[in-house]
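For reference, the chains in residue letters:
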Amino acid sequence: MRFFLDTANLEELKIGASWGILDGCTTNPSLIAKEGVKFEDRVRQITEIVDGDISAEVLATDAKGMLEEGRKLAAIHKNIVVKVPLTKDGIQACSAFSKEGIRVNVTLCFSPGQAILAAKAGAYVVSPFVGRVDDSGWDGMQLIRDICLIYKNYAFKTQVLAASLRTVNHVIECGKAGAHIGTMPFKVMEGLFSHPLTDRGLEQFLKDYNKAFSK
Ligand code: G3P
């Protein structure tokens, strides 16, 4: 299972990279806007920190505009994955990109049917939004299970990039469902380290050692 950070914050990315477990990064227009920086500049800065896939989303909503923007983004660095929304134009752009050898992340996926479209259009990854499905009273994790099953049934090459993960448990459940990648906020990645028994155990080890040898 690959771990991505869902952020455009450089400090968070530097810390994640220093842990040696960071496989990539996903951004979206909201995350870039939160940083208050120029989009392409930030994408370039991220390529200097993250050694792995970096999703950069187009702002155009028509296929022609998506293709123009996406080609420019893909030219920034070999690790850029062009992110397009799961609309008719997005799927059209995805089909064209995949024929050109440009890797695509089809985002804003909320149903297994949409995920099939992304796979048929040759998407490199599809991003189902677990938390937002939960928010709307449906079962986000079931969406991941369904997509993983369907992709397996047909040996689709598209990978499942579980997004909108809000809790450590979301990450664990995605792993159980067989999602290829989980993209998560920094707090969730940091939360994966935590267990009270680890802290208590370490404290006890050091206490015992010091008691025996510090005389
Ligand atoms: O990768 C998609 C993600 O940024 C959405 O997360 O928490 O805003 O639903 P959230």
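Quick look at the structure, then. If you're wondering where the values come from, they're calculated on a predicted model, not measured in any experiment.

Rules used throughout
Residues numbered from 1 in each chain as written. Predicted model: local features only at pLDDT ≥ 70, side-chain atom pairs only at ≥ 80, totals over all residues. Heavy atoms only, no water. Salt bridge = Lys/Arg side-chain N within 4 Å of Asp/Glu carboxyl O. Helix = DSSP H or I, 4+ residues; strand = E, 2+ residues; numbered from the N terminus. Buried < 20%, exposed > 50% of the residue type's maximum accessible area, 1.4 Å probe, protein only. Expected span 1.5 Å × (residues − 1). Contact = heavy atoms within 4.5 Å.

Description of the pattern of salt bridges
A side chain with one charge may pair with a side chain of the opposite charge, provided their charged atoms come close.
Okay, step 1: Counted under the stated rule, the structure contains 9 salt bridges.
Okay, step 2: Residue Glu-68 pairs with Lys-64 through a salt bridge whose shortest N-O separation is 3.4 Å. You can see Glu-68 and its partner Lys-64 sitting in helix α4 (residues 63–76), 4 residues apart, about one turn around the helix.
Okay, step 3: With a closest N to O distance of 3.0 Å, Asp-135 and Arg-166 form a salt bridge. One end of the pair, Asp-135, is in helix α7 (residues 130–135); the other, Arg-166, is in the loop between β7 (159–162) and α9 (168–177), and 31 residues separate them in sequence.
Okay, step 4: Look at Arg-166 and you get partly exposed, because its relative accessible area is 40%.
Okay, step 5: Each of Arg-2, Asp-53 and Arg-103 takes part in one network of salt bridges that share partners.

What to know about α4
Okay, step 1: The end-to-end C-alpha distance of α4, which contains 14 residues, comes to 20 Å, matching closely the 20 Å that a straight helix rising 1.5 Å per residue would cover.
Okay, step 2: Buried within α4 we find Ala-63, Gly-65, Met-66, Leu-67, Gly-70, Leu-73 and Ile-76.
Okay, step 3: Residues of α4 that are buried make contact with α3 (39–49), β3 (53–57), β4 (80–85) and α5 (88–100).

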